[in-house]
4 protein chains.
Amino acid sequence: MFGIWGHKQAAEITYYGLHALQHRGQDGAGLVTADGENLSFHRGQGLVNDVFQRADFKKLSGHGAIGHVRNLSHDQGTVGNVQPLLFHSQAGSMALAHQGLLSNAHEIRGKLEKTGSIFQTTTDTEVLAHLIKSIDPLPSEDSIADSLNKLDGSYSFIILTEDKLYAALDPHGSRPLSIGKLGDSYVIASESCAFDIIGASYEREVLPGELVVIDDQGIKSRRFAERQGRKINAMEYIYYSRPDSNINGINVHAARKRTGIALAKEAPVEADVVTGIPDSSISAAIGYAEQSGLPYEMGVIKNRYVGRTFIQPSAELREQGIKIKLSPVRGIVQGKRVVMIDDSIVRGTTSKRIIQMLRDAGAKEVHVRIAAPPMKYECQYGAVEEELIAAKMSVDEICETIGADSLAFLSVDGLESAVVGKSSFEQGMSMKCFTGESSF
Amino acid sequence: MFGIWGHKQAAEITYYGLHALQHRGQDGAGLVTADGENLSFHRGQGLVNDVFQRADFKKLSGHGAIGHVRNLSHDQGTVGNVQPLLFHSQAGSMALAHQGLLSNAHEIRGKLEKTGSIFQTTTDTEVLAHLIKSIDPLPSEDSIADSLNKLDGSYSFIILTEDKLYAALDPHGSRPLSIGKLGDSYVIASESCAFDIIGASYEREVLPGELVVIDDQGIKSRRFAERQGRKINAMEYIYYSRPDSNINGINVHAARKRTGIALAKEAPVEADVVTGIPDSSISAAIGYAEQSGLPYEMGVIKNRYVGRTFIQPSAELREQGIKIKLSPVRGIVQGKRVVMIDDSIVRGTTSKRIIQMLRDAGAKEVHVRIAAPPMKYECQYGAVEEELIAAKMSVDEICETIGADSLAFLSVDGLESAVVGKSSFEQGMSMKCFTGESSF
Amino acid sequence: MFGIWGHKQAAEITYYGLHALQHRGQDGAGLVTADGENLSFHRGQGLVNDVFQRADFKKLSGHGAIGHVRNLSHDQGTVGNVQPLLFHSQAGSMALAHQGLLSNAHEIRGKLEKTGSIFQTTTDTEVLAHLIKSIDPLPSEDSIADSLNKLDGSYSFIILTEDKLYAALDPHGSRPLSIGKLGDSYVIASESCAFDIIGASYEREVLPGELVVIDDQGIKSRRFAERQGRKINAMEYIYYSRPDSNINGINVHAARKRTGIALAKEAPVEADVVTGIPDSSISAAIGYAEQSGLPYEMGVIKNRYVGRTFIQPSAELREQGIKIKLSPVRGIVQGKRVVMIDDSIVRGTTSKRIIQMLRDAGAKEVHVRIAAPPMKYECQYGAVEEELIAAKMSVDEICETIGADSLAFLSVDGLESAVVGKSSFEQGMSMKCFTGESSF
Amino acid sequence: MFGIWGHKQAAEITYYGLHALQHRGQDGAGLVTADGENLSFHRGQGLVNDVFQRADFKKLSGHGAIGHVRNLSHDQGTVGNVQPLLFHSQAGSMALAHQGLLSNAHEIRGKLEKTGSIFQTTTDTEVLAHLIKSIDPLPSEDSIADSLNKLDGSYSFIILTEDKLYAALDPHGSRPLSIGKLGDSYVIASESCAFDIIGASYEREVLPGELVVIDDQGIKSRRFAERQGRKINAMEYIYYSRPDSNINGINVHAARKRTGIALAKEAPVEADVVTGIPDSSISAAIGYAEQSGLPYEMGVIKNRYVGRTFIQPSAELREQGIKIKLSPVRGIVQGKRVVMIDDSIVRGTTSKRIIQMLRDAGAKEVHVRIAAPPMKYECQYGAVEEELIAAKMSVDEICETIGADSLAFLSVDGLESAVVGKSSFEQGMSMKCFTGESSF
């Protein structure tokens with residue numbers, strides 16, 4: 001999710017910002033621009049690269065823009081659900097981009113439909129648009145603030161009208177949302193890595209319960225709800241964000257490396273080499289290696305060229321041992337006792353496969369260390385609860401199931417102190433996936 | 001370059017093998033199969049993923065196959081030059097794949113054209129085909145061996161006829177070429193990483209001056225030229241090959257890490273963090289960090305999603321600081337003295353840009369360490385001599401030009417002992433890019 | 001516009017029906033299916049061939065379907081405006097396809113937006129959906145009939161819900177809309193040629209002011225408005241429909257041939273050959289030739305292969321005489337006095353160009369005969385009034401402007417008696433483009 | 001097949017020329033340009049529209065060009081066989097385009113391969129290139145003339161070198177090949193319709209046994225073989241060429257219309273309407289109608305939008321009566337005795353299907369009249385002999401097989417006198433498909 005106001009190449013800048021955020025959604029991308037009088041718009045299914053062509057920018061005129069990348073796996077995967085959503089009316093147009101999960105969306109939608117409202121998507125995002133429009137067809141700071149107040153759950157929104165850019169964060173600040181500056185223009189992004197790619201400087205976080213309004217007169221801020229203690233979802237640090245981003249001021253690579261260091265202290269093991277599962281577990285593996293004094297090596301490698309059009313091997317070939325996404329590095333693991341660092345075990349099937357792969361390549365022992373606690377509860381980033389192996393098995397049972405020589409997870413306290421140090425009102429994490437306790 | 005004989009899914013296996021070798025050529029890919037009576041064929045421009053569709057395999061029948069990936073930058077970039085080249089005749093067909101550089105190709109071609117030969121490509125590969133066919137329209141072990149003997153330069157060839165697969169390596173063994181087994185089938189690959197992806201076991205190297213012949217009766221070997229001391233091009237270890245490959249028995253990641261260790265010994269520096277330029281310099285950077293006791297950190301990150309269809313920023317946006325391929329990680333480098341490890345300096349422009357990027361992101365000092373000697377001489381892997389900055393400047397001048405606080409290169413001896421230990425008849429490198437001395 | 005209920009391959013049948021109707025809209029196509037519980041949907045920009053792939057039919061399950069082809073030239077050309085429009089709600093879904101022009105759409109939309117309604121398209125079609133939903137979120141026969149009653153202008157609608165297919169026609173029946181049978185299934189189509197392609201039999205016309213309801217129990221009919229005298233837009237016969245269609249029971253080719261016969265009686269001329277401008281004027285030209293006793297010849301030919309991706313010639317090449325869409329047949333017209341039959345003169349530029357082309361090819365005289373009256377008034381099928389040459393000039397002036405040796409139009413009475421014989425309550429045409437008199 | 005010399009937009013002009021010739025080959029298209037020093041080249045599979053993009057013209061520089069469209073059905077359908085074929089050598093390059101069938105190609109190729117020649121295609125065209133190159137690597141007027149003399153069969157060639165354009169026709173002139181002028185430039189085309197599209201004037205035919213040479217000095221002509229009596233393949237007039245072309249001076253539409261007139265005299269029938277099978281039989285049907293006094297009507301219509309990407313109906317739907325390419329016009333044929341004019345009966349299956357379709361649409365009687373003699377012998381334009389129904393059955397048997405009420409063919413004499421009047425040395429047809437007698 002990215003927004004900019006006050007730049008004559010707003011659409012192109014947003015395109016590059018979305019590139020930096022591509023890991024946050026790979027199924028669809030969209031972009032809406034504002035030129036003071038009209039909103040223009042382009043979106044499509046696939047990666048940012050696939051969705052936009054040079055020629056598309058001709059119609060995307062204006063000095064304001066917002067963009068979004070989306071995973072559609074849990075939705076009906078139609079292009080109509082790709083964001084930003086765009087709404088035209090005779091009074092004024094409005095575009096919305098959203099990240100989060102609204103817990104009362106279904107209920108609000110049901111009420112609105114009974115009074116004749118027609119929804120164009122199956123996303124929870126759209127209820128905010130209808131709430132705003134039901135107050136006044138012309139969107140305003142007041143109607144947006146009032147409408148946000150009716151939402152429950154976790155959310156960050158960027159809204160664009162013909163002449164204004166709005167950004168808002170839920171009262172717990174469960175998602176990252178940062179403000180930057182590029183020359184005289186203001187930029188908003190889900191992650192700070194989008195500032196680095198465009199050469200923008202970081203200014204500050206959007207605060208929990210804050211509505212930021214940016215237009216040709218500059219930036220204004222108002223509170224639409226009482227601010228609660230900061231509870232960023234822990235998964236943002238563990239695997240969702242890019243290592244080069246700062247999330248609420250904390251560098252993700254450094255945080256992950258610290259989880260590896262903590263893990264080496266909590267769960268040491270006698271071994272020859274440490275390896276991480278690419279890409280998200282490399283930082284933790286380096287931390288584990290540094291702390292343990294063991295050498296960090298590339299025991300597993302990721303094939304960079306396996307893309308969307310890749311032809312999947314037949315069952316027969318898979319049985320014969322074709323490895324597509326990850327390959328073991330025989331020259332590294334052969335005859336070695338390997339510590340394999342990963343960021344999570346969801347169903348256990350991937351871990352089992354990789355361990356077998358390492359053994360087939362000659363590893364003498366495979367010790368699995370997970371740089372996070374066991375994922376026992378359903379959360380937006382993971383799988384449904386019935387699929388989570390840690391919801392059903394003890395650590396020993398998991399170890400046996402995946403075929404490791406030993407297995408250990410980082411403790412909840414260890415995770416917290418590695419990432420945020422000591423939790424505070426300003427700085428804290430939601431541990432819902434691990435403890436089941438919601439802050440909301 | 002990949003080949004297989006004796007597998008009923010020869011084409012699919014070759015497809016996965018080419019995936020593992022994709023880094024060796026990204027502009028075109030091709031595949032030829034043999035079913036005992038006919039050769040079938042598919043090729044195209046672009047990545048392996050783009051060139052092949054599921055449906056293409058229907059026509060690629062047979063239990064033998066060879067495939068190739070190609071960089072076309074230095075050729076006329078037409079699909080006609082994508083390999084394997086395929087030649088039909090009433091006597092028998094033949095397909096050729098080649099890696100290397102034939103120094104007497106132009107001369108041979110001129111002679112053949114004067115006697116009426118018509119060439120279909122502008123590649124040097126094709127002269128071998130004409131030499132073979134001018135001896136006998138039906139290719140044979142003898143005519144191939146005789147024709148190889150007329151070639152000068154560096155080369156590795158895989159040749160496919162209706163009923164045989166041939167593999168050959170020049171007398172100095174300047175290129176890697178390995179033999180593996182997949183069940184009862186023999187496989188040939190430029191790099192051993194192609195064996196890991198398909199689950200094949202490594203058998204041995206093709207030897208310098210050896211012609212290997214594989215058919216339904218098994219594998220045979222003959223020498224077509226006197227074997228010389230092994231002189232693998234050093235660039236195969238330094239940046240060209242994949243870290244998970246073993247090149248002439250030496251793991252590439254491990255070799256690179258050892259160059260980093262040697263570099264830390266030869267050129268230590270007081271600093272806070274060590275970072276490597278992705279992807280090829282990460283292993284050396286980890287070695288440098290281990291040896292120096294400094295922490296290894298991700299100071300520079302590579303955008304994984306910048307593909308072929310990526311829209312290049314305008315000059316105006318580039319001036320405003322848009323970074324596309326590599327981004328600095330402000331959270332890591334800000335206020336730090338950074339050791340930046342790279343594998344080469346070619347023109348110096350990229351180094352200069354990255355150093356400036358790190359300074360803009362707040363790095364206090366940037367010390368550049370190159371895990372190879374200065375590249376002073378034209379070689380197939382680099383640029384033409386006029387473009388090589390090290391051909392024109394001293395190390396101090398380069399340091400000033402690229403704007404580093406200090407600069408050091410690994411010595412030629414340091415490189416050699418880090419990679420191959422002590423050179424031998426069996427194990428050695430061509431250092432032509434660095435010393436100008438050719439082994440040929 | 002096409003619909004079917006009660007066929008297990010509803011989507012495929014609709015695909016073929018849309019092919020037959022392709023001439024009615026070439027910028028976009030869409031298809032919605034109903035399986036009793038859900039609506040599924042696919043649409044895109046371009047020809048039917050471009051929009052649908054074999055794989056799309058997998059998701060288009062169900063025994064009911066509606067489809068639409070669309071010209072987007074006068075709309076904002078986004079895929080969001082391609083029909084059928086689809087609306088989901090918790091109470092029930094609904095898809096709409098429409099042909100016609102609603103004269104009070106803007107006014108209704110303004111009212112609905114003031115009470116919070118959000119429109120997803122810029123088409124007039126969408127107001128009907130909002131009217132229906134504002135009565136009851138669950139669409140029904142009653143709410144559809146009531147909503148239709150609020151519309152002014154010309155319209156034909158096909159509506160699909162999870163378990164029903166509706167078809168409706170405005171009280172004047174200004175558009176063609178026919179009912180057919182394919183085995184036990186009912187089909188609805190804008191033109192009867194869609195029945196011929198799928199092998200369906202023709203049953204009857206949807207009547208002016210009628211709402212037809214088809215479901216698993218069969219077909220029902222109700223009147224939602226007082227039926228007025230039939231006023232099919234004359235342009236449907238003159239150029240819009242396919243020659244093989246029956247429009248309100250009258251074959252289009254035969255009607256056009258009769259206009260040619262009438263034209264030969266009203267405006268004979270001494271000449272050598274009669275030629276028609278392909279494709280829509282061929283029938284009239286054959287009629288003119290038969291009546292006049294002159295031979296019908298192919299004096300002008302249409303290039304069949306000029307498609308959407310055709311590269312337009314540069315201005316320079318156009319001046320040098322490149323002819324792309326139509327070419328003169330020198331072997332036919334050289335030295336001849338040619339009667340050139342066309343169905344309309346809009347701006348006059350095309351006529352002028354063709355006449356010049358015929359003269360360049362050696363025609364001695366070119367006599368233009370138009371098988372319809374002068375188009376003097378704006379209508380949905382033509383251009384805006386300022387562009388119509390007949391709104392600004394006399395017939396003599398037009399003749400001089402286009403460079404013809406003589407020019408004549410068919411009279412309004414001649415057109416009427418040629419097409420429908422004697423007008424009646426059951427059978428009549430709207431002549432609005434020619435007389436400016438609206439029936440509505 | 002098209003060529004031009006001396007025009008600064010040679011590539012674009014050739015592109016439009018190939019459009020006009022698209023009906024002569026729909027599986028592949030190619031274009032080679034010459035700028036005095038180099039040949040440039042683009043080709044691909046599919047229609048001209050699909051193969052060329054605007055950007056391709058940037059590299060196609062030069063004032064000379066040749067182009068070709070190709071049917072690949074009877075070849076191995078690879079892009080390598082798409083013409084023009086292009087041959088580079090150190091002495092000089094050469095591009096060839098060919099239409100025809102060389103009867104001794106296999107034999108010549110065998111001889112050349114035995115002396116070491118490598119062929120790059122499976123086309124017979126390539127033997128001419130090898131013959132020329134075996135005389136001298138630098139192509140010349142003499143070596144081309146000598147090489148043409150070694151060929152047997154029917155052929156027309158266009159050849160392009162860096163600085164010359166050559167055109168040649170076999171001694172019997174079995175193919176059409178015309179010379180035109182566009183300003184000061186010379187153009188060559190298989191059919192004169194390519195001159196009309198680009199606004200060129202017709203000059204004359206290439207004569208049997210003539211080699212025309214065009215360069216910056218103008219046009220020259222020499223005879224490479226004794227001229228024989230002109231024997232254009234009759235199929236060029238009957239169905240292969242476009243109706244607007246003049247073939248050896250005779251307009252194709254007019255010739256076909258005369259065959260219809262002759263057919264009406266030879267085989268009259270009592271009926272209500274005459275209809276032709278689109279597109280190639282329309283002219284003959286109009287002639288039959290004029291002569292017989294029966295009205296010409298559109299009893300069968302062709303769907304214009306069924307393209308390459310069209311989804312074929314399943315067997316089940318086909319049985320249910322889906323008609324894709326041709327539809328009957330119920331409004332025309334219902335209750336009528338129909339004369340159905342076609343240009344040929346090959347296997348009989350298509351005729352049978354159309355007759356049944358007309359009966360299903362209500363035709364009372366269907367009388368089939370073919371505007372050519374029975375096709376009894378294999379020829380390049382038709383099918384292999386075993387498939388030809390007229391090679392195995394009498395006219396009565398065919399009539400019964402296809403289910404017609406009556407059937408008649410035009411006589412060989414009737415065809416000849418309708419098309420060329422009285423045969424002469426200058427003007428004549430090869431009737432090989434009908435009589436089995438070859439002129440060669």
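All of these numbers come straight from a predicted model, not from anything done at the bench.

(A) Up close: unusual backbone geometry. Omega for the bond connecting Gln83(B) with Pro84(B) falls within 30 degrees of zero, at -5°, which places this linkage in the cis form. The omega torsion across Pro278(C) and Asp279(C) is -5°, close enough to zero to call that bond cis. Relative to the elements of secondary structure, Asp279(C) occurs in the loop between strand S17 (273-276) and helix H10 (282-292). Backbone geometry places Asn248(B), a non-glycine residue, at a positive phi of 50°. Tracing the chain through its elements places Asn248(B) in the loop between strand S15 (246-247) and strand S16 (250-251). The class for Asn248(B) is buried, based on a relative accessible area of 11%.

(B) Spotlight on the relation of the copies chain A and chain C. Structural alignment of chain A on chain C gives an RMSD of 0.1 Å, achieved by rotating through 179° and translating 0.1 Å along the axis. Read as a symmetry element, the transformation amounts to a two-fold axis. Considering only C-alpha atoms, the residue of chain A closest to the rotation axis is Ser117(A), which sits at 2.9 Å. A symmetric contact is evident, with 100% of the interface residues of chain A recurring at the interface of chain C.

(C) The sheet that holds strand S2 (residues 28-34) of chain A, seen in detail. Residues and elements named next belong to chain A. Pairing within the open sheet is antiparallel, and its seven strands lie in the order S3-S2-S4-S1-S10-S9-S11. The two strands at the open ends of the sheet, each matched to only one other strand, are strand S3 (39-45) and strand S11 (201-205). Adjacent strand axes in the sheet meet at a mean angle of 15° when their direction is disregarded. With four bridges joining them, strand S1 (residues 2-5) and strand S4 (residues 64-70) adopt antiparallel strand pairing. When the sheet's bridge partners are listed, isoleucine 4 is paired in S4 with alanine 65. Docked against the sheet, helix H1 (residues 10-20) engages S1, S2, S4 and strand S9 (178-182), running at close to 25° with respect to S4.

(D) Structural detail: the interface of chain A and chain B. If you look at the interface, chain A gives 65 residues, while chain B gives 65 residues. When chain A packs against chain B, close to 5,300 Å² is buried across both sides, 54% of that on carbon and sulfur atoms. Summed over the three residues of chain A that lose the most area to chain B, namely Tyr16(A), Tyr305(A) and Ile311(A), the buried surface amounts to 14% of that side. A salt bridge links Glu316(B) to Lys8(A); the shortest N-O distance between them is 3.4 Å. Taken together, chain A and chain B are joined by 14 residue pairs in polar contact (both at pLDDT 80 or more). When residues of the side of chain A that touches chain B are traced back to their parent elements, those giving at least two are H1, helix H2 (48-51), helix H7 (193-198), helix H9 (252-266), helix H10 (282-292), helix H11 (315-319), strand S19 (326-328) and helix H12 (330-333) of chain A. Element by element, the count of residues in the side of chain A that touches chain B is highest for H1(A), at six residues. Its residues placed into classes, the side of chain A that touches chain B shows 28 nonpolar, 22 polar and 15 charged.

(E) Here's a closer look at the sheet that holds strand S22 (residues 406-409) of chain C. All names here are of chain C. One open sheet holds the four strands; their spatial order is S17-S20-S21-S22, and the pairing between them is parallel. Edge positions in the sheet fall to S17 and S22, since each has one partner strand and no second. Direction aside, the axes of adjacent strands within the sheet are offset by 20° on average. Relative to strand S21 (residues 365-370), strand S20 (residues 337-342) runs parallel, the two sharing six bridges.

(F) Molecular detail of the relation of the copies chain A and chain B. Overlaying chain A with chain B gives an RMSD of 0.1 Å, the required rotation being 180° about an axis along which the chain moves by 0.0 Å. Counting the interface residues of chain A, we find that 100% of their copies in chain B are interface residues as well, pointing to one common contact surface.

(G) View of the confidence of the model for chain A. Across chain A, the average pLDDT comes to 92, with 96% of residues at 70 or higher. The ipTM assigned to the predicted complex is 0.85, against a pTM of 0.81.

(H) Just the environment of Gln334(A), in detail. Inspection of the secondary structure puts Gln334(A) in the loop between H12 and strand S20 (337-342). Not counting chain neighbours up to four residues away, the residues in contact with Gln334(A) comprise Ala361(A), Gly362(A) and Ala363(A).

(I) The side chain of Arg256(D), seen in detail. All names here are of chain D. Here arginine 256 shows up in helix H9 (residues 252-266). For arginine 256, the side chain forms a polar contact with the main-chain oxygen of tyrosine 237, separated by 2.8 Å. Discounting chain neighbours no more than four positions away, the residues touching arginine 256 are Glu236, Tyr237, Ile238, Tyr239, Tyr240, Ser241, Pro243, Ser280, Ser283 and Ala284.

(J) Region of interest: helix H9 (residues 252-266) of chain B. Residue and element names in this part refer to chain B. Taking 1.5 Å per residue as the helical rise, H9 with its 15 residues ought to reach 21 Å, and the 21 Å between its terminal C-alpha atoms agrees with that figure. Within H9 the residues assigned to the buried category are Val252, His253, Ala255, Arg256, Lys257, Thr259, Gly260, Ala262, Leu263 and Ala264. Residue asparagine 251 occupies the N-cap position of H9, its side-chain oxygen lying 3.2 Å from the main-chain nitrogen of histidine 253.

Rules of the game
Residues numbered from 1 in each chain as written. Chains lettered and ligands numbered in written order. Predicted model: local features only at pLDDT ≥ 70, side-chain atom pairs only at ≥ 80, totals over all residues. Heavy atoms only, no water. Helix = DSSP H or I, 4+ residues; strand = E, 2+ residues; numbered from the N terminus. Buried < 20%, exposed > 50% of the residue type's maximum accessible area, 1.4 Å probe, protein only. Least-squares fit on C-alpha atoms with pLDDT ≥ 70 in both. Contact = heavy atoms within 4.5 Å. Pairing = 2+ DSSP bridges. Axes fitted to C-alpha atoms, helices over the stretch in contact; angles between N-to-C directions. Buried area = accessible area lost by both parts, 1.4 Å probe. Salt bridge = Lys/Arg side-chain N within 4 Å of Asp/Glu carboxyl O. Polar contact = N/O pair within 3.5 Å; in protein donor to acceptor, adjacent residues only side chain to side chain. Nonpolar A, V, L, I, M, F, W, Y, C, P; charged D, E, K, R; others polar. pLDDT = per-residue confidence, 0-100. Expected span 1.5 Å × (residues − 1).

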